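Each chain, letter by letter, is given below.
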Amino acid sequence: MSRKQAIKNQLKEHMPKDWLTDIRLVYRMTMEAVNDIKRTGFMNIIIITTMAAILSIFGALFRSTLSMAQFANELGSILEISAYLKPDAPAKSIANKFAHLDHVINVRVHTKEEGWKDLRKVIDLPNISNPLPDTLRVKVDDIEYIDGIIKKIKSDPNVESTNYPETLAKRLQLIIHVVNTTTIVVTLVVAMLTITIINNTIQLVIQSRKEEIEIMRLMGVSNWYIRVPLVLQGAFYGFAGAMISLIPLHFVQTLIAKMNTFFLIPTPMFAESMIVLTLIAIGTSFGALGSLLSIKKHLQV
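Reading guide: rules and limits
- Residues numbered from 1 in each chain as written.
- Predicted model: local features only at pLDDT ≥ 70, side-chain atom pairs only at ≥ 80, totals over all residues.
- Heavy atoms only, no water.
- Core = buried A, V, L, I, M, F, W, Y, C linked by side-chain atoms within 4.5 Å.
- Buried < 20%, exposed > 50% of the residue type's maximum accessible area, 1.4 Å probe, protein only.
- Contact = heavy atoms within 4.5 Å.
- Pairing = 2+ DSSP bridges.
- Helix = DSSP H or I, 4+ residues; strand = E, 2+ residues; numbered from the N terminus.
- Axes fitted to C-alpha atoms, helices over the stretch in contact; angles between N-to-C directions.
- Phe/Tyr/Trp six-rings, centres within 6.5 Å; stacked < 30°, edge-to-face > 60°.

Draft legend 1. Spotlight on the nonpolar core. In terms of nonpolar packing, the biggest core is built from 31 residues, with Phe58, Val190 and Leu279 touching the most fellow members. Residues contacting Leu279, with those up to four places away along its chain left out, are Leu55, Phe58, Gly59, Ala242, Ser245, Leu246 and Leu249.

Shown next as structure tokens:
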């Protein structure tokens, strides 16, 4: 340990440590952030408005992807695998066996007598013996697992054949993948734009306070005392932008809710609250991160 570091440690040990000191320190750092925001002046409006526009677009796309995912899940929930059993196979025991498979939520037995009765309602058939097999209708909780479940059903020696709407299932899987990929890409774009805007803003603040920061460093002021106000300023821009973006997002959510009602699609549970919390969290965290990156890049503390 260097002599300079040893002296610093001795001073820290003799400094009074109490909660009032901590409160005064937090208060001073917060006031420094407020003063930095005041110094930025008219640029504050431009920065916050830009942040609000970016977050509004993100919120609208995120809310739309939630509805698309809900739509795909609703369609997927009505898909059933039809398993046709061999003659004299114990339908109920096989149904109970399939019901214990992972991701299977329901197995319904459709007897050959019920199938024959339904068919004769639709088609005028002669009085012949019933050629239909007993059928198991297997419902899956997630369309992603349907292929694996079909393989397990086909491997059962009592199953003659299976059938399910393969084309529709694959299209639903494609929709789900596109929705998930879009959400990730949009989140990354928002992060890059937010961090870039905050980065440039904090750089200007650092340049305007360059002499003041140098003086504080010569006086031995802690690096965190210099960093924290700038990080708080970035977080403030992100938070303020997120709060303003909730205004246009409210109209978007109302429109999507009406569309869901029209198409008889239930609104995702807690969707509105989740969007609000996500926007605030992303705006604040990305704003603080952009500020922190700018400090490391343009301020050697």
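Draft legend 2. Inspection of the sheet that holds strand S3 (residues 135-140) at higher detail. Across the sheet, 4 strands lie side by side as S2-S3-S1-S4; this open sheet has antiparallel pairing. Where the open sheet ends on each side, the last strands, each with one partner, are strand S2 (104-110) and strand S4 (159-163). Between one strand axis and the next, the sheet turns through 25° on average, direction left out of account. Sheet topology places strand S1 (residues 80-85) next to S4; 4 bridges connect them, and they run antiparallel. Within the sheet, the bridge partner assigned to Ser82 lies in S4 and is Asn163. Across the sheet, helix H4 (residues 91-99) is in contact with S1, S2, S3 and S4; its angle to S2 comes to roughly 170°.

Draft legend 3. Expanded view of the side chain of Ser56. Relative to the helices and strands, Ser56 resides in helix H3 (residues 43-77). Given a relative accessible area of 15%, Ser56 falls into the buried group. Beyond its immediate chain neighbours, meaning those up to four positions away, Ser56 contacts Ser245 and Pro248.

Draft legend 4. Representation of the environment of Leu249. Tracing the sequence through the fold places Leu249 in helix H9 (residues 223-262). On the accessibility criterion, Leu249 (2% relative accessible area) is buried. Along the chain, Leu249 and Ile275 lie 26 residues apart, while their C-alpha atoms are 9.1 Å from each other. Not counting the four nearest positions on each side in its chain, Leu249 is found in contact with Gly59, Ala60, Ile275 and Leu279.

Draft legend 5. Focus on the packing of aromatic side chains. Inspection of the entire model under this criterion finds 2 aromatic pairs. Geometrically, the ring pair formed by Phe58 and Phe62 is stacked, given 5.7 Å between the ring centres and 20° between the ring planes. Of this pair, Phe58 and Phe62 are both found in helix H3, 4 residues apart, which corresponds to roughly one turn of the helix. Given the relative accessible area of 3%, Phe58 is considered buried. Aromatic pair Phe236 and Tyr237: ring centres 5.9 Å apart, planes at 55°, arrangement tilted.

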